[in-house]
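Inside the fold
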Amino acid sequence: MRTVEEYRKILDEIKSKTGSAVLVSVSKTRTLEEIMRSYEAGARYFGENHVQEIVEKFSGERPQDMKVYMIGHLQSNKVNKVVPLVDMIQSVDSVSLLKKIDAASLKCGKVMDVLLEVNTAEEESKSGFSSKEEVIQTLEEAGKLKNVRVRGFMSMGPVNCPPEIKDELTRKAFARTRELSVECQKRFNNMDLSILSMGMSGDYMIGIEEGSTMVRIGTAIYGERDYA
Ligand SMILES: *Cc1c(COP(=O)(O)O)cnc(C)c1O
């Protein structure tokens, strides 16, 4: 496990390259001890992709300035479990999920910040909205809900593509996400859709170059994940 000093060095180096973008430390598979060490080193925003892990690691008290974001695909039957524990859900990919989050947030007296996940890399296997029309419909519905607040968009680069064209396709996908966000912001000028969550360990500089305001970085901070 890295020391606080090691985390500090890594976080500072990433921040020096990503400027004002929010750095989300993706702590999936990491222990609470690793999380707290990186917190001590300056990490404040944590990304997790499994509800069970969020329940295990973040059910107890935590520092006020420590924020936990759900970044993975969310099944509707787990919404009630996760809503009380997180500060943002970045992976909204249907109107029905958005409505469930709204209802669960009402129940626990909060207004949940959410991002719409868009599949601009156009990969079949990935979740996320794949058409602009669906995104616009969802924003129209969101305007009627009182306990969710759409704050922008999240997207991932392509996963299954030949390495020699990966960077190029990633850049295209991120550029599409940015264009969609600009268009939606114009159309829904009563909303603040300013968050663009784009970029992971392998492609966060492409994300930054394409306008990302939030990067989600796991491996580069904590090391390779061990799923065994
Ligand atoms: C795991 C994950 C990340 C971080 O990936 P790394 O390559 O480890 O930086 C970012 N976003 C999502 C949605 C993830 O599931």
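Use the structure listed above.
Residues numbered from 1 in each chain as written. Predicted model: local features only at pLDDT ≥ 70, side-chain atom pairs only at ≥ 80, totals over all residues. Heavy atoms only, no water.

Quick notes on the overall build of the chain
- Per the secondary structure count, the chain includes nine helices and eight strands.
- Judged by the C-alpha coordinates and their principal axes, the chain covers about 45 × 45 × 35 Å.
- Intrachain contacts of the chain at a sequence separation of at least 6 include 61% that bridge at least 24 residues.
- When the accessible area of the chain is evaluated, it comes to approximately 11,300 Å², of which 49% is carbon and sulfur surface.
- If the 33 positive side-chain charges of the chain are averaged to one point and the 35 negative ones to another, these points end up 4 Å apart. (Helix = DSSP H or I, 4+ residues; strand = E, 2+ residues; numbered from the N terminus. Contact = heavy atoms within 4.5 Å. Areas by Shrake-Rupley, 256 points an atom, 1.4 Å probe, with all protein chains shown as cover. Lys, Arg positive; Asp, Glu negative; His and termini not counted. Charge placed at Lys NZ, Arg CZ, Asp CG, Glu CD.)

Description of the packing of aromatic side chains
- Within this structure, the stated rule accounts for two aromatic pairs.
- Ring geometry for Tyr45 and Tyr69: centres 5.9 Å apart, planes at 25°, overall stacked. Of the two residues, Tyr45 sits in strand β2 (residues 45-48) while Tyr69 sits in strand β3 (residues 67-70), which places them 24 residues apart along the sequence.
- For Tyr69, a relative accessible area of 7% puts it in the buried group.
- One Lys or Arg, Arg44, reaches over the ring of Tyr39 and ends 3.9 Å from the middle of that ring. (Phe/Tyr/Trp six-rings, centres within 6.5 Å; stacked < 30°, edge-to-face > 60°. Buried < 20%, exposed > 50% of the residue type's maximum accessible area, 1.4 Å probe, protein only. Lys NZ or Arg CZ within 6 Å of the ring centre and 35° of its normal.)

As for the pairing of β3
- Here four bridges tie β2 to β3, and the two strands are oriented parallel to one another. Bridge assignment links Gly47 to a residue of β3, and that residue is Tyr69.
- Read from β2 through helix α3 (residues 51-58) to β3, the crossover connection turns out right-handed. (Pairing = 2+ DSSP bridges. Right-handed = clockwise from strand over helix to strand, strands pointing away.)

Notes on the site of the ligand
- The ligand sits among Val26, Lys28, Asn49, Ile71, Met156, Met200, Ser201, Arg216, Ile217, Gly218, Thr219 and Arg225.
- Here an oxygen atom of the ligand and a side-chain polar atom of Arg225 are 2.7 Å apart.
- Considered on its own, the ligand offers 390 Å² of accessible surface; in the complex 90% of this is hidden by protein. (Near = heavy atom within 4 Å. Polar contact = N/O pair within 3.5 Å; in protein donor to acceptor, adjacent residues only side chain to side chain.)

Observations concerning helix α2 (residues 32-40)
- Along α2, the residues that are buried comprise Glu34, Ile35, Ser38 and Tyr39. Along the axis of α2, the buried residues cluster in a sector spanning 140°; they form a single face.
- Here the buried face of α2 lies against α1 (4-18), β2, α3 and α9 (219-222).
- Trailing α2 by a residue or two, Gly42 shows a phi angle of about 120°, which is positive. (Arc of directions from axis to C-beta.)

A short note on the pattern of salt bridges
- Considering all chains together, one arrives at 18 salt bridges under this definition.
- Between Arg44 and Asp65 there is a salt bridge, with the nearest N and O atoms lying 3.1 Å from each other. In this pair, Arg44 is assigned in the loop between α2 and β2 and Asp65 in the loop between α3 and β3, connecting sequence segments 21 residues apart.
- Judged by relative accessible area, which is 26%, Arg44 ranks as partly exposed. (Salt bridge = Lys/Arg side-chain N within 4 Å of Asp/Glu carboxyl O.)

Looking at the packing of helix α6 (residues 132-142) against helix α7 (residues 163-187)
- At a minimum axis separation of 11 Å, α6 and α7 run at an interaxial angle of 35°. For the pair α6 and α7, the crossing hand works out as right-handed. Within the contact between the two elements, α6 uses Lys132, Val135, Ile136 and Leu139 and α7 uses Leu180, Glu183, Cys184 and Arg187.
- Along the lines of polarity and charge, the residues of the contact of α6 with α7 split into five nonpolar, no polar and three charged. (Axes fitted to C-alpha atoms, helices over the stretch in contact; angles between N-to-C directions. Left-handed = near helix turned anticlockwise from the far one by under 90°. Nonpolar A, V, L, I, M, F, W, Y, C, P; charged D, E, K, R; others polar.)

Regarding the environment of Phe46
- When you line up the elements, Phe46 lands in strand β2.
- Separated by 20 residues in sequence, Phe46 and Val26 place their C-alpha atoms 5.6 Å apart.
- Setting aside residues no more than four positions away along its own chain, Phe46 makes contact with Val24, Ser25, Ser27, Ile35, Ser38, Tyr39, Met66, Lys67, Val68, Tyr69 and Tyr222.

Re the side chain of Ser91
- In this fold, Ser91 is placed in strand β4 (residues 88-92).
- Among the polar contacts made by the side chain of Ser91, one reaches the main-chain carbonyl oxygen of Gly72 at a distance of 2.6 Å.
- Dropping the residues within four chain positions of it, Ser91 is found in contact with Met70, Ile71, Gly72, His73, Leu74, Leu97, Leu115, Glu117 and Met154.

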